[in-house]
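So the chains spell out like this:
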Amino acid sequence: MKPFDALLFLSFGGPEKPDDVMPFLENVTRGRGVPRERLEAVAQHYLHFGGVSPINQCNRDMIAALRAELSARGRDLPVYFGNRNWHPLVADTVEQMYRDGHRRVLVFGTSAWGGYSGSVQYHEDIAGALVELSRRIPQAAGDPMLLRKLPQFCTEPAFLDACASAVRRAIDSLPADPAPRLVFTAHSIPLAADRRFGPVIDGRGIYSRQIADACAAVAQRLGITDYDQVWQSRSGPPQVPWYEPDICDHLDTLADNGTESVVVFPIGFISDHLEVVWDLDNEAKTLCSERGLGFARAATVGTDPTFISLVADLTDRYADGAGNLAAPGVGDNGTGS
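Residues numbered from 1 in each chain as written. Predicted model: local features only at pLDDT ≥ 70, side-chain atom pairs only at ≥ 80, totals over all residues. Heavy atoms only, no water.

Enquirer: Before we go on, may I ask you to explain unusual backbone geometry in this structure?
Expert: The general pattern is negative phi for most residues beyond glycine and trans for most peptide bonds. Cis rather than trans, the peptide bond between histidine 87 and proline 88 has omega equal to 0°. Tracing the backbone through its elements, the reader meets proline 88 in the loop between strand S2 (79–83) and helix H4 (90–99). In the segment running from aspartate 177 into proline 178, the intervening peptide bond is cis, with an omega of 0°. Along the chain, the position of proline 178 falls in the loop between helix H6 (157–172) and strand S5 (181–187). Even without being glycine, serine 233 reaches a positive phi, approximately 65°. Looking at where serine 233 falls in the secondary structure, it is placed in the loop between strand S6 (228–232) and helix H9 (247–256). With a phi angle near 55°, asparagine 333 is a residue other than glycine that sits in the positive phi range. (Helix = DSSP H or I, 4+ residues; strand = E, 2+ residues; numbered from the N terminus.)

What follows is the structure, given as C-alpha cells:
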C-alpha cells in the first residue's frame, strides 16, 4: 500500500529524422526474419513524411497535457517518457528514473487493448528494462524498483466518450445529406496470434473482440446502428491469414455500392502513428478522391481533455498504493498479461 512516486508513459516510438528510419525499422522487426527489401519498402512510407513519425510528438503533447491535469489535481507525480523501439528507449528512461531516486513507478502503456501487442508486450518491455537496469546498476538488486502497469482502458466510459466526440466532429465536417458511412479501423493481426490470448469465443481472441465491442459502444453513443469495422496495416507473408477486410478494399466496395461519403475512425490507435497518416491520410484519402467518395478521418483521442482526464483517473486509482491488481492488463515488474 505504499504510494508511487513517478509515472512512466510507455509507447511504441518512431523515427524523428531520415537517418533514424532504417535503424528504427530494424529494432521493430529484430528476430522476425523480415527481408531487407520489405524494410526498404516500408522506409519509403516514413521518408514520404520527411523521415518523421508523428507518434513521438503526439506522446509529448499528451504528456504535457497529463502533467497539467495531474498538477491541477494536486498530484505531484513526475511523468517520464520511454519507448519500446526508439529514443527515448524505455531502458534508458528506467535508468534515469532510478538515478533520480524513484523506486515505485506506475506505467501507462499507450494501448487500450488486450492481447500480445496491446498488453503483454508492454509487460515484456518493463521486464526487459529492469534486467538492463540490473546490468547497468548492479546495486539495484538490493534496492529494487517496482513498476506497476496500469490497466487496459478499452471499456472505460471516458475513452469511449472521447472516441465518440472525435467521430462526431468528423461527421459534422461533411454534408449531412446523405449521412456519411461510419467505418472503424484498427491494426490487423494474424488470426492465430489473436487466438493465443483469450478466452477465445467464436474463433476470436481478446483483441478482436475488444475492438468489436468498443466500436459498438461508440456507435451507440452516436445513435448509429449501421456501421463497418475493418482493418489496416497488414504485413507478413500472404499465406498467413490476417483479419480482413483491409480499409482500402472496403472503401472500394462502398464506392461500388453507391456510398457517397465516409468517416474513417482509427479506433485502434490513441495517437497518430505512421500507419494512421500513411494508410488513412494518404492511401485511403487518395482512393476516396479517385472514387468520388467524400472523406473525413476522425482524429485519434490524443490530447482530448476527456481522454487525458481518464489517464489521470487511472493514475489516481493506483498512485496511493491501492487499486485493483486483478484488472485486465495490470501487473508488477512484467508479470501481467
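Enquirer: Help me understand the pattern of salt bridges in this model?
Expert: Pairs can form between side chains of opposite charge once their charged atoms are near each other. A full pass over the atoms with the stated rule returns 26 salt bridges. Where arginine 84 meets aspartate 125, a salt bridge forms, and the shortest distance between an N and an O atom there is 2.7 Å. Of the two residues, arginine 84 sits in the loop between S2 and H4 while aspartate 125 sits in helix H5 (residues 116–136), which places them 41 residues apart along the sequence. The residues arginine 84 and aspartate 125 share a single accessibility class, namely buried. (Salt bridge = Lys/Arg side-chain N within 4 Å of Asp/Glu carboxyl O. Buried < 20%, exposed > 50% of the residue type's maximum accessible area, 1.4 Å probe, protein only.)

Geometric values such as these leave the question of function open.
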